[in-house]
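# An overview of the molecular structure
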Amino acid sequence: MNKVQGKTSSYVLAALMCWVTPMAFADQPSPQAQFETPHHFAPQQNADSQALVEELVEQGLPQDWLAEALGQASYTQSVLDAMEGAAERRLKWYEYRAIFLTQQRIEEGVEFIDAHADALARAESTYGVPAEIITAIIGVETYYGRHKGQHRVLDSLATLAFHHPARGAFFRGELAAFLRIAYEQQVDPTELRGSYAGAMGYPQFIPTSYQAYAVDFDGDGRRDLWENPVDAIGSVANYFDEHNWKPGADIYHQATGPDVMPVELLQELSFNQTSPPAVSIAQLATHGIEPSEPLDDNLPVVPLALEFANGETRYRFGEYNFYVITRYNHSHLYAMAVAELAEAIAELHEDEG
């Protein structure tokens, strides 16, 4: 069993010298210090860590292993800062698209398909998810495994679990799942790296997704999304299948609409949402927003209004598979980038024969 290497931390307590009274030193922490959240995670010094350890011990994990692991987690302010600036929340479509729809990323997507043709064909046969969609997900997430993240996952998740002002409970669950994965797969939790939000490996699964959807796609007895692209391919396909991907169905359709869309209408018709399709083609047509190809008037869609660099707004209608992509990342920009990258990869792959 892999053991976490123990480290000894030393803490210096500075005494406050007081000359007003004969008592020279104060041996109690200041009122402010008593209410500060500790920036260390050793269970014996952090009540939140201790509570998590007790919970996981009840589930069968060794207390000493957990204490060693959490004792080596470090508070990372940059993780909290990064959570405030996610690209999906601050960029317009044309800015977001420019990050992922590059010629190099398209060409390397074709190379990824060629390099893993057997695994991708088997994933499509097993789960019904096209090779180009699986490839585009991995291409957007980690540039085909090149950029898996430089943050220690243990540090990111401990920081978010015990210091995020709004989502601490969510990340506490992710930290618990991460510790269980590391223990069960006999890997050192201090060595695993990922995104600032704790996402890991080729497909950037958060720990609970890793537990739920990762598969041993090459049959070697281990679900390895960190270093094994074949397991990653199968796991992405399984994720989509479990979220009810519809094989052979469209992702989105081009549409036309007014040059300027009133804000209140955007809200009324639920534009750019990541919820299941619920607005009919007929409803949109009454407001001058129509598909560029014939579609059933009763077809429910996700209406999209995308901003381009010249100030133009272009319209698209997302079908259910568009919604499924947003289960991977809850952003309409993300889903559209994946869809367009997949189209570009498939087209170039076909052209190259």
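Look up: the structure comes first, before these words.
Reference entry: report on the structure contained in this document. Here the residue numbering is sequential within each chain, running from 1 through the sequence in written order. Selection of residues for local features in this predicted model requires a pLDDT of at least 70, selection of side-chain atom pairs for listing and counting requires 80 or more, and totals for whole chains, interfaces and linings are taken over all residues. As a rule here, side-chain values come from all non-hydrogen atoms in the structure, and water together with hydrogens is ignored.

### A word on a negative patch on the surface
Which entries qualify depends on this criterion: Only residues above 30% relative accessible area that lack a salt bridge enter a patch, with like-charged residues linked at up to 9 Å and the nonpolar side chains Val, Leu, Ile, Met, Phe, Trp and Tyr linked at up to 5 Å. For accessible areas, the Shrake-Rupley method is used with a probe of radius 1.4 Å. Any residue's cover is judged against the shown protein chains and nothing else. Any Lys or Arg side-chain nitrogen located within 4 Å of an Asp or Glu carboxyl oxygen qualifies as a salt bridge. His residues and chain termini do not enter the charge count, which takes Lys and Arg as positive and Asp and Glu as negative. Positions of charges follow a simple convention, taking NZ of Lys, CZ of Arg, CG of Asp or CD of Glu. Under the DSSP-based scheme used, a helix requires at least four consecutive residues in state H or I and a strand at least two consecutive residues in state E, with every element numbered from the N terminus. Three labels apply to residues, based on accessible area from a 1.4 Å probe with only protein chains included: buried if under 20% of the type maximum, exposed if over 50%, partly exposed otherwise in between.
On the surface, Glu-107, Glu-111, Asp-114, Glu-343, Glu-347, Glu-350, Asp-351 and Glu-352 cluster together into a patch of negative charge. Every element with two or more residues in the negative patch is listed here: helix H7 (103-115) and helix H17 (332-352). Take the negative patch: its biggest share by element is five residues, from H17. Looking at where Glu-350 falls in the secondary structure, it is placed in helix H17. By relative accessible area, which is 64% here, Glu-350 ends up exposed.

### A short note on the pairing of strand S7 (residues 313-318)
Our working rule: Two strands are said to pair when DSSP picks up at least two bridges between them.
In this structure, strand S3 (residues 252-256) lies alongside S7, joined through four bridges in antiparallel fashion. Along S7, the bridge assignment pairs Tyr-252 with Gly-318. Inspection of the sheet shows strand S6 (residues 300-307) paired to S7 by six bridges, in the antiparallel sense. When the sheet's bridge partners are listed, Val-302 is paired in S7 with Gly-318.

### Quick notes on the pattern of salt bridges
In total, this model carries ten salt bridges according to the counting rule given. The closest approach of N and O atoms between Glu-108 and Arg-146, which form a salt bridge, is 2.3 Å. In this pair, Glu-108 is assigned in helix H7 and Arg-146 in the loop between helix H9 (131-142) and strand S1 (151-152), connecting sequence segments 38 residues apart. Look at Glu-108 and you get buried, because its relative accessible area is 16%. When the shortest N-O distance is used, the salt bridge between Arg-316 and Glu-340 registers 2.5 Å. Residue Arg-316 is located in strand S7, and its partner Glu-340 is located in helix H17; the two are separated by 24 residues in the primary sequence. On the basis of relative accessible area, Arg-316 is assigned to the buried category, the value being 7%.

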